[in-house]
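Now for the letters of each chain:
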There are 2 protein chains.
Amino acid sequence: MDKISTVAIVGGTHGNELTGVYLAKKFNNNPDLVTRPSFSSQVVFGNPKAIEECRRYIDKDLNRCFSRPDLQNAILSSYEDTRAKEIQKILLPPQGLPVDVIIDLHTTTSNMGLSILLSSEHPFLLRLSAYLSSLSDEVKVCCSPKSQNAVYLDSLSDLGFAIEVGAVPQGVLNAELFNKTEKLVLAALDYFEAYNRREIPGIPNALTIYNYTGAIDYPRNAQGEIEAMIHPKRQFQDYQPLNPKDPIFLTFDGQEILYDGASTVYPIFINEAAYYEKGIAMCLTQKKTINYSNL
Amino acid sequence: MDKISTVAIVGGTHGNELTGVYLAKKFNNNPDLVTRPSFSSQVVFGNPKAIEECRRYIDKDLNRCFSRPDLQNAILSSYEDTRAKEIQKILLPPQGLPVDVIIDLHTTTSNMGLSILLSSEHPFLLRLSAYLSSLSDEVKVCCSPKSQNAVYLDSLSDLGFAIEVGAVPQGVLNAELFNKTEKLVLAALDYFEAYNRREIPGIPNALTIYNYTGAIDYPRNAQGEIEAMIHPKRQFQDYQPLNPKDPIFLTFDGQEILYDGASTVYPIFINEAAYYEKGIAMCLTQKKTINYSNL
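Residues numbered from 1 in each chain as written. Chains lettered and ligands numbered in written order. Predicted model: local features only at pLDDT ≥ 70, side-chain atom pairs only at ≥ 80, totals over all residues. Heavy atoms only, no water.

**So, the interface of chain B and chain A**
Listed by partner, the interface residues are 30 residues for chain B and 30 residues for chain A. Considering only the side of chain B, the residues that lose the most area to chain A are Leu173, Met229 and Phe252 of chain B, jointly responsible for 22% of the buried surface there. Run the count over chain B and chain A and you get two salt bridges. The shortest N-O distance in the salt bridge between Lys25 of chain B and Glu225 of chain A comes to 3.1 Å. At the boundary of chain B and chain A, one finds eight residue pairs in polar contact (both at pLDDT 80 or more). A per-element tally of the side of chain B that touches chain A places helix 7 (residues 175–196) of chain B first, with five residues. Residues that form the side of chain B that touches chain A fall into these classes: 16 nonpolar, seven polar and seven charged. (Contact = heavy atoms within 4.5 Å. Buried area = accessible area lost by both parts, 1.4 Å probe. Salt bridge = Lys/Arg side-chain N within 4 Å of Asp/Glu carboxyl O. Polar contact = N/O pair within 3.5 Å; in protein donor to acceptor, adjacent residues only side chain to side chain. Helix = DSSP H or I, 4+ residues; strand = E, 2+ residues; numbered from the N terminus. Nonpolar A, V, L, I, M, F, W, Y, C, P; charged D, E, K, R; others polar.)

This is the structure we're talking about:
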């Protein structure tokens, strides 16, 4: 990427994640905030109907509707399938240039601080992440494989990423997290401007990155009902090591269930509300360090 | 009330408040837990369809459907209006005795610990509350006037009350709060048993009670959109004094809005997710102490 010319900032891909919804409103009402001399920004409200109803989605999760086959499948006509095709046309206009960068704003009930979720280890994204994570210890960087993330909205761009902020309930604005998220977005925009001017700020020697390796479901009975909760010792411990034999769940009868993995992992999305229906109690990651010289 | 003969424990009056839903499931699967020699208990799932969809409600808030006029209004036929009439028949059977006590289990995104919400200052409820609040500092006791609470499910009984637990997001089980809620319910049942045996445990000399006096909405623009968030200094400060000129909201532009009331109040339900649509940023209470001799 020689130059960033266009940036899309998306809020409300999930209609009940209010930080993104209200940041998008703020940016939409104050375009100067997200405008820089060397590129233009566009604000997109991901799921307008879900925003109106303050629900994650109407028919299905919009942020799972962006696989190339699904976008080309004319039979898929749910509200979100249709909206995904509209968003594709907005961000990758058939008679125009595709947007260079997509920033998709999310929140989570998990204690993930200010997480940057990359869809690839593109060197541009890694350098950006290294810069942003140097600004605050709360900034963490995750990456998921193509097989996992090719359905996300931000996968429409090679330089797409999500900002996932928490812990905050669905349907709630937390002023402190709102302000931190705004600062992070504006810092990313400042970075793009500096990049375009060939004035990239100094970045740390190494970047810690959490690579998605899989997910764990809640223990369930034959009817699919959950039989245990996240263990109190694990609640809010996103990005902390989970070692073999550590308590991971607690049944409703008070029985501890221990992690039966063979090696240490770093869970994220622990107790995310929207993931109960997806069969995910937490996602597992491996922690690795990328040295600056490799960026 | 000479003797408590029947107790109803209701979970899932709001389908996305999972503590109540899963406690009701646990009690339903283990009736011994809620059975005592001197009374019988009945478990009711308030809003089955909303529980299935993990939403607060389907058509309208079930916990606002219990006014006497509405229950008698045959024209009201939404899912929740119909369900309210069914619940009335279950708890106040036309050919049987009404249930003596109703315990309705709720959660909130506000930091309300283990709150007991009374529909009246009935001496029996005050003594029970004094006992339960002596068990843990996290137990707080609130009371709202009839004009406010006559629409609640628990108002079907003179001895109805709600347990409101938080902070916990909608759609999330927090194991620690689940366990504390269960202990509180079982302690209430033990109290009823002791009451029936005329072996009432000692209660403190005084009970602190928070009386509902009104609610404050978010600042909104002409279109009804909110223009400010709960101030970070006020977030999670339920039951803490709010004094005149204390910061209460923060606009999206970072402007502080101060409380313009004339005297100190004690806010509860601060930043409750479900209250954005109701026009409530927080409820205000006055704190008072009832001396034991008056109980």
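**Description of the pairing of strand 2 (residues 40–45) of chain A**
All names here are of chain A. Of the pairings in the sheet, the one linking strand 1 (residues 6–11) to strand 2 comprises six bridges and is parallel in character. Considered in strand 2, the bridge of Ile9 is made with Val43. You can see the chain leave strand 1, run along helix 1 (residues 18–29) and come back into strand 2, and the turn it takes is right-handed. (Pairing = 2+ DSSP bridges. Right-handed = clockwise from strand over helix to strand, strands pointing away.)

**Observations concerning the side chain of Thr108 of chain B**
All names here are of chain B. Along the chain, the position of Thr108 falls in the loop between strand 3 (101–107) and strand 4 (113–118). Thr108 sits in the buried class, given a relative accessible area of 1%. Within polar-contact distance, the side chain of Thr108 engages the backbone nitrogen of Ser110 at 2.9 Å. Setting aside chain neighbours within four positions, we find Thr108 in contact with Glu164, Val165, Gly166, Ala167, Val168, Phe269 and Glu272. (Buried < 20%, exposed > 50% of the residue type's maximum accessible area, 1.4 Å probe, protein only.)

**A short note on the packing of aromatic side chains**
Under the counting rule described, the total for this entry stands at 24 aromatic pairs over all chains. With a centroid separation of 5.9 Å and 45° between ring planes, the pair formed by Tyr218 of chain A and Phe249 of chain A is classed as tilted. Here Phe249 of chain A lies in strand 9 (residues 247–251) and Tyr218 of chain A lies in the loop between strand 7 (206–216) and strand 8 (228–230), a separation of 31 residues in the sequence. Note on accessibility: Tyr218 of chain A and Phe249 of chain A belong to one class, buried. Here the guanidinium or amino end of Lys49 of chain B rests over the ring plane of Tyr79 of chain B, the centre of that ring lying 5.2 Å away. (Phe/Tyr/Trp six-rings, centres within 6.5 Å; stacked < 30°, edge-to-face > 60°. Lys NZ or Arg CZ within 6 Å of the ring centre and 35° of its normal.)

**Comments concerning the environment of Leu76 of chain A**
Residues and elements named next belong to chain A. Secondary-structure assignment places Leu76 in the loop between helix 3 (68–71) and helix 4 (79–91). For Leu76, a relative accessible area of 22% gives the class partly exposed. Taking C-alpha positions, Leu76 is 9.7 Å from Cys65, a pair spaced 11 residues apart along the chain. Excluding anything up to four places from it in sequence, Leu76 contacts Lys60, Asp70, Asp81 and Lys85.

**Focus on the pattern of salt bridges**
For the structure on display, the rule yields 34 salt bridges over all chains. Close ionic contact of Glu176 of chain A with Lys180 of chain A constitutes a salt bridge, the shortest N to O distance being 3.4 Å. Of this pair, Glu176 of chain A and Lys180 of chain A both sit in helix 7 (residues 175–196), four residues apart, which is roughly one turn of the helix. Looking at Glu176 of chain A, the relative accessible area reads 43%, which means it is partly exposed. Residue Asp61 of chain B is joined to Lys278 of chain B by a salt bridge in which the shortest nitrogen-to-oxygen separation is 2.7 Å. Residue Asp61 of chain B is found in the loop between helix 2 (48–53) and helix 3 (68–71), and its partner Lys278 of chain B is found in the loop between strand 11 (266–268) and strand 12 (282–291); the two are separated by 217 residues along the sequence. Relative accessible area serves as the criterion here: at 6%, Asp61 of chain B is assigned to the buried category.

Purely spatial values, then, with no claim about function.
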